[in-house]
Amino acid sequence: MKILKLSAFQSAKFNNYPWEWGVINNLITRQDAIQIASEIEWLDFRPIAAERSDKSYSMSLFETNRQNVRGERLNELLKDVRSIQYIKALSEFTTAALLDKECVINIWKYSNQNYLSPHLDKAEKYVTHLIYFSEEWLKSYGGCLNILTTSDEASVIAHIEPHYQNSVVIKTDDKSWHSVSPVKVEGVDRYCMQIIFLKS
């Protein structure tokens, strides 16, 4: 592993309430987070937005499986998250068999006023791991990942700030409601790598 500190899984807690999710702290170093964020900044993001019955959102997307990825440390991280060692560690953490699952990796950028409404992930998703890269992130900036008990935004039980010391694992089921609150700061972007393991 050149970027990921897999020992971080050992002290992390995987929760069963209100559904299966967990936070892994200090999976990457501050120095690597800063370098990777500076490389992500130059990627060719595509703005996307929608208002649908199941969810509404506004953010920008970079698809690593389809687009050319520039950046030395970013490419090292992509090698790490595709490695057998990482997939085994994530499998043990979630008690999910992931070694034979298809993996899709996206990078998301949230800028001022970008958000993701309360929603359930698509049924074909099995486990999703979110890695953040901000050196610091104040709650006043918005942009937190909210763990919800229902589709109601007010049912939040945890706000997770998207700074590099946090990464979040979500195991998809019919109760795994979550959202991203609107970003409320200009000139500070929220970057997140999304590693998705599909059920089939």
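Calculation rules
- Residues numbered from 1 in each chain as written.
- Predicted model: local features only at pLDDT ≥ 70, side-chain atom pairs only at ≥ 80, totals over all residues.
- Heavy atoms only, no water.
- Phe/Tyr/Trp six-rings, centres within 6.5 Å; stacked < 30°, edge-to-face > 60°.
- Buried < 20%, exposed > 50% of the residue type's maximum accessible area, 1.4 Å probe, protein only.
- Lys NZ or Arg CZ within 6 Å of the ring centre and 35° of its normal.
- Core = buried A, V, L, I, M, F, W, Y, C linked by side-chain atoms within 4.5 Å.
- Helix = DSSP H or I, 4+ residues; strand = E, 2+ residues; numbered from the N terminus.
- Contact = heavy atoms within 4.5 Å.
- UniProt positions renumbered as here; feature names shortened; annotations may be inferred.
- Pairing = 2+ DSSP bridges.

As a further point, take the packing of aromatic side chains. A full pass over the atoms with the stated rule returns five aromatic pairs. Ring geometry for Trp137 and Tyr141: centres 5.2 Å apart, planes at 85 degrees, overall edge-to-face. Residue Tyr141 is classed as buried on the basis of its relative accessible area of 17%. By the ring-pair criterion, three or more aromatic residues cluster together here, those being Phe9, Phe14 and Phe93. Just above the ring of Tyr110 sits the side chain of Arg190; from NZ or CZ to the centre is 4.6 Å.

Of all hydrophobic cores here, the largest spans 40 residues; its most connected members are Ile40, Tyr86, Ile131, Phe133 and Met193. Breaking this core down by element, the ones donating at least two residues are helix 1 (30-40), helix 2 (72-81), helix 3 (84-94), strand 5 (103-110), strand 7 (125-132) and strand 12 (190-198). Sorting elements by how many residues they give to this core places helix 3 first, with five residues. Residues within four places of Ile40 in sequence aside, it is in contact with Phe45, Leu74, Ile107, Phe133 and Tyr191. Residues Trp19, Tyr141, Ala158 and Val185 belong to the second largest nonpolar core, which totals 25 residues.

A few words now on the UniProt feature "domain: Prolyl 4-hydroxylase alpha subunit" (unreviewed entry) in the chain. Per the UniProt annotation, the sites labelled "domain: Prolyl 4-hydroxylase alpha subunit" (unreviewed entry) are residues 19-198. As annotated, residues 19-198 has a helix share of 18% and a strand share of 37%, and its two end C-alpha atoms lie 18 Å apart.

Along strand 12, nine of the nine residues are buried, which leaves the element largely enclosed by surrounding structure. Residues Arg190, Cys192, Gln194, Ile196 and Leu198 line one face of strand 12 and the alternating positions Tyr191, Met193, Ile195 and Phe197 line the opposite face, and both faces are buried. Here eight bridges tie strand 5 to strand 12, and the two strands are oriented antiparallel to one another. By the bridge assignment for strand 12, Cys103 is matched with Phe197. Direction of pairing for strand 7 relative to strand 12: antiparallel, over a ladder of seven bridges.

What follows covers the environment of Ile48. Note that Ile48 resides in strand 3 (residues 46-51). Among the residues examined, Ile48 registers a relative accessible area of 18% and is labelled buried. Remark: the alpha-carbon pair of Ile48 and Leu61, spanning 13 residues in sequence, is separated by 7.0 Å. Among residues more than four places away in sequence, those in contact with Ile48 are Tyr57, Ser58, Met59, Ser60, Leu61 and Trp108.

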